[in-house]
Amino acid sequence: MSFIKRALRFAKNTSLKDMPSRLKERNEINEAKRIAREEKMQAIRKIEAEYNVDFGGYIPDVGELGLLEGQCNGYEPSYDMPEIFGYLDVKPGDRLLDVGCGKGYAMYLFSDFPFSEIHGVELSERLADIAEDNLSKLFPNEKERFHIYRENALEFDKLDDYNYIYMYNPFPPEIVGVFAEKLKESAKRCPRRLTVIYQNPQKGSTIENGDVFRLVMYKDGTALFESN
């Protein structure tokens, strides 16, 4: 949608009296996002300097990742999730899959939990190479715990092996919808408590409440779903 169309829609839905407060609110939200992104990058830069790893950078052009337009949303590292982390009840033996794991930053964040295995699936060879290098440097004695599958998440056939799924806005909405159906099929085929952590979802891109999943928390741009 063009800037002019967005402006017209905003004006149509906002009275003249409300416009100053709405604009102020929007500016405050944008500033909060900017500050959060900068804080995230500061934390990442500290880790990068200490361990000689590469988690940072923002790559919106999917061509730079060796992928086609529409296959993913580019690359941006995950945000920390203190509120959601406090809710999770991870037990030894639980297994997590990071869908569209990028450079492996979320996998690093989840390493503090007693997951027996933390795996990622990543279509971009460039990002998968970096993720493997990062994790081997950070966890040289835990190589069996971490693994990157280099394939299309829509063709991934091992979902039944995991009871935690993490996504950081990996795909356009239409692809998320297809992947959500795969998650529902897995939950029905292999009954278990399946927890889905979906961070920074795009509008129209979500896992619907229904007979398979229910939304148990939404906090600071992160949705937490559990199977019924």
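Residues numbered from 1 in each chain as written. Predicted model: local features only at pLDDT ≥ 70, side-chain atom pairs only at ≥ 80, totals over all residues. Heavy atoms only, no water.

(A) Quick peek at the overall build of the chain. Scanning the chain from terminus to terminus reveals 6 helices and 7 strands. For the chain, the α and β elements follow one another from N to C terminus as α-α-α-β-α-β-α-β-β-α-β-β-β. Classification of the 228 residues of the chain by burial places 45% in the buried group. Taking contacts inside the chain between residues at least 6 apart in sequence as the whole, the part at least 24 apart equals 64%. Just so you have it, the chain exposes about 12600 Å², and 50% of that area is on carbon and sulfur atoms. (Helix = DSSP H or I, 4+ residues; strand = E, 2+ residues; numbered from the N terminus. Buried < 20%, exposed > 50% of the residue type's maximum accessible area, 1.4 Å probe, protein only. Contact = heavy atoms within 4.5 Å. Areas by Shrake-Rupley, 256 points an atom, 1.4 Å probe, with all protein chains shown as cover.)

(B) Geometry of unusual backbone geometry. A positive phi angle, near 40°, is found at N169, a position not held by glycine. N169 gets classed as buried once you look at its relative accessible area, which sits at 15%. Notably, N200 is not glycine yet its phi reads approximately 55°, a positive angle.

(C) Up close: helix α5 (residues 125–138). In a regular helix each residue adds 1.5 Å, so 14 residues correspond to 20 Å; α5 covers 20 Å between its end C-alpha atoms and thus fits that length. Residues L127, A128, I130, A131, N134, L135 and L138 constitute the buried set of α5. Along the long axis of α5, the arc covered by the buried residues comes to 165°, so they all point the same way. (Expected span 1.5 Å × (residues − 1). Arc of directions from axis to C-beta.)

(D) Region of interest: the sheet that holds strand β5 (residues 195–199). What the 7 strands build is an open sheet, ordered β3-β2-β1-β4-β5-β7-β6; its pairing is mixed. Only two strands of the sheet have a single partner each, and these edge strands are β3 (146–149) and β6 (213–219). This sheet shows a mean twist of 20° between the axes of neighbouring strands, independent of strand direction. In this sheet, β3 lies alongside strand β2 (residues 117–121) in parallel orientation, the contact comprising 4 bridges. Within the sheet, the bridge partner assigned to V121 lies in β3 and is Y149. (Pairing = 2+ DSSP bridges. Axes fitted to C-alpha atoms, helices over the stretch in contact; angles between N-to-C directions.)

(E) Summary view of the nonpolar core. L88, F110, F115, Y166 and I197 are the most contacted members of the largest nonpolar core, which has 33 residues in total. Take this core: its biggest share by element is 5 residues, from helix α4 (residues 105–110). Leave out the neighbours within four places in its chain, and I197 touches M81, I84, L88, F110, Y164, I165, Y166, M167, T222, A223 and L224. Of all hydrophobic cores here, the second largest spans 25 residues; its members include L97, M167, Y198 and F213. (Core = buried A, V, L, I, M, F, W, Y, C linked by side-chain atoms within 4.5 Å.)

(F) Geometry of the pattern of salt bridges. Applying the stated rule across the entire model yields 12 salt bridges. Where E142 meets R145, a salt bridge forms, and the shortest distance between an N and an O atom there is 3.2 Å. (Salt bridge = Lys/Arg side-chain N within 4 Å of Asp/Glu carboxyl O.)

(G) Quick peek at the side chain of T222. Mapped onto the elements, T222 comes out in strand β7 (residues 222–227). According to the relative accessible area criterion, T222 is buried, its value standing at 2%. Ignoring any residue separated from it by four or fewer positions in sequence, one finds T222 in contact with M81, I84, I197, Y198, Q199 and M217.

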